[in-house]
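# Results of the structural survey
Okay, here's what each chain looks like letter by letter:
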Amino acid sequence: MNWIKTKNNTKVNLNDIPNLDINTLREEIINLNLRPVGFFGSDWGAGATKLFAVLADDEKGDLYISSALFGADEKSYESLTQVIPSFHIFEREFYEQFGIEPLNHPWLKPVRSHKKEYKFFEMEGEEVHQVAVGPIHAGVIEPGHFRFMCNGETVYHLEIMLGYQNRGVEELMSTNPSNRLAESICGDSVIAHNLAYSKAMECLRGIDVSKRAQLIRTLALEMERAAIHIGDLGAIAGDIAYLMGASVFGATRTLVINTMLEFSGSRFGRGLIETGGVNFDIDDKKIDRALKTLSKVEKDVERMVKTMLKNSSVMSRLEKTGVVSLEKAREIGLVGLAARACGVVLDSRFDFPDECFKNLALPRRIFTGKGDVNSRFKLRYQETMESLSISKRILEMLKGGYKEEVLTVNDNQISPDSMAISIVEGWRGEVVHIALSDMNANLSRYKIKDPSFNNWYGLALAVRNNGVSDFPLCNKSFNLSYCGNDL
């Protein structure tokens, strides 16, 4: 077999990964027709580059890994994107980082680099005009440039240029990895990224985490999901001038993040998760207060959402705005909430569950959305209520038992010549961390994929045939990360 089959958070020997020529690897990828979660290069000495491909069989929870070696003089291959469009962003990144060109790629533009002039798509016509927004914006959001091609008020095409937040995070993670760096990758996904990093390191170092620590980690992840979703419900309300909703959701979100502050000393959970477990236990008094607070949050969110959805003015702005079809979502490789709102069945918590989530034995709910702002709004509400319910259940479990140490102190070194793939379902979607070690047991490559990497192009498609004034609403319904894409 030309692939090694593995599972999430399972150590793989690099020497066991098949090494194919690029044409064979390309044919294998096309024939398998599985979803890409990793497609990245690594320096392999003497000017050579090793390309690793990681594909996901979501229904079976399997990961497939293979590779191809490019010699110093090999600088091109036939693009996969022509056949499987979801590879478009992966191939663009690989080309940008290693200079190996995917021939006949339909949209071979920079992902992050500003070294070359970015050539925007152009349209001609008497009524066609361009609207440029950013990279510096009116508020405190991060920089990104949006170029609208419009006919009157109708958007024909939106092109998004990012890269202003490129901080070299992957290189930093290879040379000086730490939990504090991991939780700084993306400020609104502290728990998701820190957890993915911790699981990858625990896998490579052979560290076992206590059940109590696993529960606290899962609790933190679900509270992060609930808090950000509630904030986004409020932001969507604000973008349609429904100020009561913006105010209520804003205050309600604060209750959740202040509970996280009580658990860890940080409203966003910084410092909570550590390789080997967590740094802070939660005593019964804090649990009781948290249970009372989260019950209030449930009631407030439910009341406000139901009030909004009964309002005809609200529905006229949410329905049929920013539509991405199920077919397009699958074709371009959307992940997370953005994909599920289109009807794609994709959730790493169920597809690639860790031991803790598997033991919770939670039912999977399928969302049959239409891919519009309304669907993304309703799904945020549904996932908020589910996450609050999961959080309350875990708090009851922590109060009733699992009296264990919450941090395993272990000096184990990283296993040499190994790979670990860690997939965590953050609130935006799958967060993927892939760590490779060399023969000297040092990290040789650290690859990170935030869900925004998959989903920015989905926003560009969602805006087509909408009015320019609909863009803020569409944008907030996705709420993608600039720094998560730029790394």
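Residues numbered from 1 in each chain as written. Predicted model: local features only at pLDDT ≥ 70, side-chain atom pairs only at ≥ 80, totals over all residues. Heavy atoms only, no water.

## Section: the sheet that holds strand 11 (residues 154-161)
Reading across the sheet, the three strands line up as 9-10-11 and stay open at both edges, with antiparallel pairing between neighbours. With partners counted over all chains shown, the strands left at the sheet margins are strand 9 (128-133) and strand 11, one partner each. Across the sheet, the axes of successive neighbouring strands diverge by a mean angle of 20 degrees, strand direction being ignored. Note that strand 9 and strand 10 (residues 145-151) share six bridges and pair antiparallel. Paired with H129 across the strands is C150, a residue of strand 10. Relative to strand 11, helix 15 (residues 451-463) is tilted by about 165 degrees, and along the sheet it contacts strand 10 and strand 11. (Pairing = 2+ DSSP bridges. Helix = DSSP H or I, 4+ residues; strand = E, 2+ residues; numbered from the N terminus. Axes fitted to C-alpha atoms, helices over the stretch in contact; angles between N-to-C directions. Contact = heavy atoms within 4.5 Å.)

## A few points about the packing of aromatic side chains
Under the definition given, this model contains 19 aromatic pairs. Ring centres of F146 and W456 lie 6.2 Å apart, and the angle between their planes is 50 degrees; this geometry places the pair in the tilted category. Residue F146 is located in strand 10, and its partner W456 is located in helix 15; the two are separated by 310 residues in the primary sequence. The class of F146 is buried, set by a relative accessible area of 1%. (Phe/Tyr/Trp six-rings, centres within 6.5 Å; stacked < 30°, edge-to-face > 60°. Buried < 20%, exposed > 50% of the residue type's maximum accessible area, 1.4 Å probe, protein only.)

## Thoughts on the pairing of strand 6 (residues 62-70)
Burial analysis of strand 6 places eight of its nine residues in the buried class, the great majority of the element. Here strand 1 (residues 4-6) runs beside strand 6; their pairing, made up of three bridges, is antiparallel. For K5, the partnering residue across the bridge sits in strand 6 and is Y64. Relative to strand 6, strand 3 (residues 19-20) runs parallel, the two sharing two bridges. By the bridge assignment, L20 is partnered in strand 6 with A68. Sheet topology note: the strand 5 (residues 49-57)/strand 6 ladder contains nine bridges and is antiparallel. What sits directly across from T49, in strand 6, is F70. Remark: four residues form the turn of the hairpin made by strand 5 and strand 6, two consecutive strands paired antiparallel; G61 in that turn has positive phi of roughly 70 degrees.

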